[in-house]
Amino acid sequence: MPQTTRKPNNPTPKEWLAKDLSQKYIADYKPFNFVDGEGVRCSLYVSGCLFRCPGCYNVAAQNFHYGKPYTQALEDKIIEDLSQPYVQGLTLLGGEPFVNTQVCLKLCQRVRSEFGHDKDIWSWTGYEWDELQKESEDKLELLSLLDILVDGRFLKDKMDLTLQFRGSSNQRIIDVPKSLASDKVVIWDKLKK
């Protein structure tokens, strides 16, 4: 009997709501790194993801109770780290940022309030762009605060370690403001591969 490969979970619109799922935990915070987007980044890894992509590089962070609770002290530290002139911006990863909007929205709103668009905000998500357009208001609000979205589930059969900032060839690096303005996906203009 041929073995079938398990695929990531596929939610229906508004099936996975942050208010029902998020425990407001974070798996990790990594200041001043060079791997989670362009330039020097401060990266927040939130806990909890139901996509459960086979081959996920951060399986521990799929658990909504993994790590520690997000705190005001941590948020203040992230803002302090972002204020360094050599830091280009904030990156949200996981877990799944879009099912942790209580944490991610609050932080992104504060980044915009304190830095405007002098610091950019990147996020990875298992959701595809078109799926997010049918999602809850909190997810759409988070999307509106981003500069760059890397969308799509990780697919092991499309894994390519030579790709820029993504693990599988189905994932895209999307310029969020341009995409929202034109009502269609606009790929990041610095994409090399």
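Structure: above.
Note that the coordinates shown come from a computational prediction; the quantities given were computed from them, not determined experimentally.

Enquirer: Describe in detail the sheet that holds strand S1 (residues 25-33), supporting the description with residues and values.
Expert: Read from one edge to the other, the open sheet built from seven strands follows the order S3-S1-S2-S4-S5-S6-S7, with strand pairing classed as mixed. Strands at the two margins of the open sheet, each flanked by one partner only, are strand S3 (68-69) and strand S7 (172-175).

Enquirer: Account for the nonpolar core, with residues named and values stated.
Expert: The biggest cluster of nonpolar side chains holds 41 residues, and the ones touching the most others in it are Leu-44, Ile-78, Leu-82, Leu-90, Leu-92 and Leu-107. Elements with a contribution of two residues or more to this core: S1, strand S2 (40-46), helix H2 (72-82), strand S4 (87-93), helix H3 (101-115), helix H4 (129-132) and helix H5 (137-145). Counting residues per element, this core draws most heavily on H3, which supplies seven residues. Contacts of Leu-90, omitting those with residues within four sequence positions, involve Arg-41, Cys-42, Ile-78, Leu-82, Leu-107, Cys-108, Val-111, Asp-120, Ile-121 and Trp-122. If you look at the next biggest cluster of nonpolar residues, it comprises 10 residues, including Ala-27, Trp-122, Ile-148 and Val-150.

Enquirer: So what's going on with the layout of surface pockets? Which residues, and what values?
Expert: Leftover empty space is mapped by rolling, across the atoms, a probe with the size of a water molecule. Put simply, the largest pocket is a space of about 670 Å³. Lining the largest pocket are 31 residues; nearest its centre among them are Tyr-57, Trp-124, Phe-154, Gly-167 and Gln-171.

Enquirer: Any details on H5? Residues and values, ideally.
Expert: Those residues of H5 lying buried are Lys-139, Leu-142, Leu-143 and Leu-145. Down the axis of H5, the sector holding all buried residues measures 160°, keeping them to one side. Next to the buried residues of H5 lie S4, H3, strand S5 (120-124), H4, strand S6 (148-151) and helix H6 (176-182).

Enquirer: So what about the packing of H2 against H3? Which residues, and what values?
Expert: Relative to each other, H2 and H3 sit at 40°, their axes nearing to 11 Å. Judged by the angle between their axes, H2 and H3 are oblique. Read as a crossing pair, H2 and H3 show a hand that is right-handed. Note on element contacts: H3 touches H2 through Lys-106, Leu-107, Arg-110, Val-111, Glu-114 and Phe-115, opposite Gln-72, Glu-75, Asp-76, Ile-78, Ile-79 and Leu-82. In the contact of H2 with H3, the residues fall into six nonpolar, one polar and five charged.

Scoring rules and cut-offs
Residues numbered from 1 in each chain as written. Predicted model: local features only at pLDDT ≥ 70, side-chain atom pairs only at ≥ 80, totals over all residues. Heavy atoms only, no water. Pairing = 2+ DSSP bridges. Helix = DSSP H or I, 4+ residues; strand = E, 2+ residues; numbered from the N terminus. Core = buried A, V, L, I, M, F, W, Y, C linked by side-chain atoms within 4.5 Å. Buried < 20%, exposed > 50% of the residue type's maximum accessible area, 1.4 Å probe, protein only. Contact = heavy atoms within 4.5 Å. 1 Å grid on protein atoms, 1.4 Å probe; cavity = no way out; pocket = protein on both sides within 12 Å on 5 of 7 lines; lining within 4 Å. Points joined across faces, edges and corners; volume = space filled by probe spheres on them. Arc of directions from axis to C-beta. Axes fitted to C-alpha atoms, helices over the stretch in contact; angles between N-to-C directions. Parallel < 35°, antiparallel > 145°, perpendicular 65-115°, else oblique. Left-handed = near helix turned anticlockwise from the far one by under 90°. Nonpolar A, V, L, I, M, F, W, Y, C, P; charged D, E, K, R; others polar.

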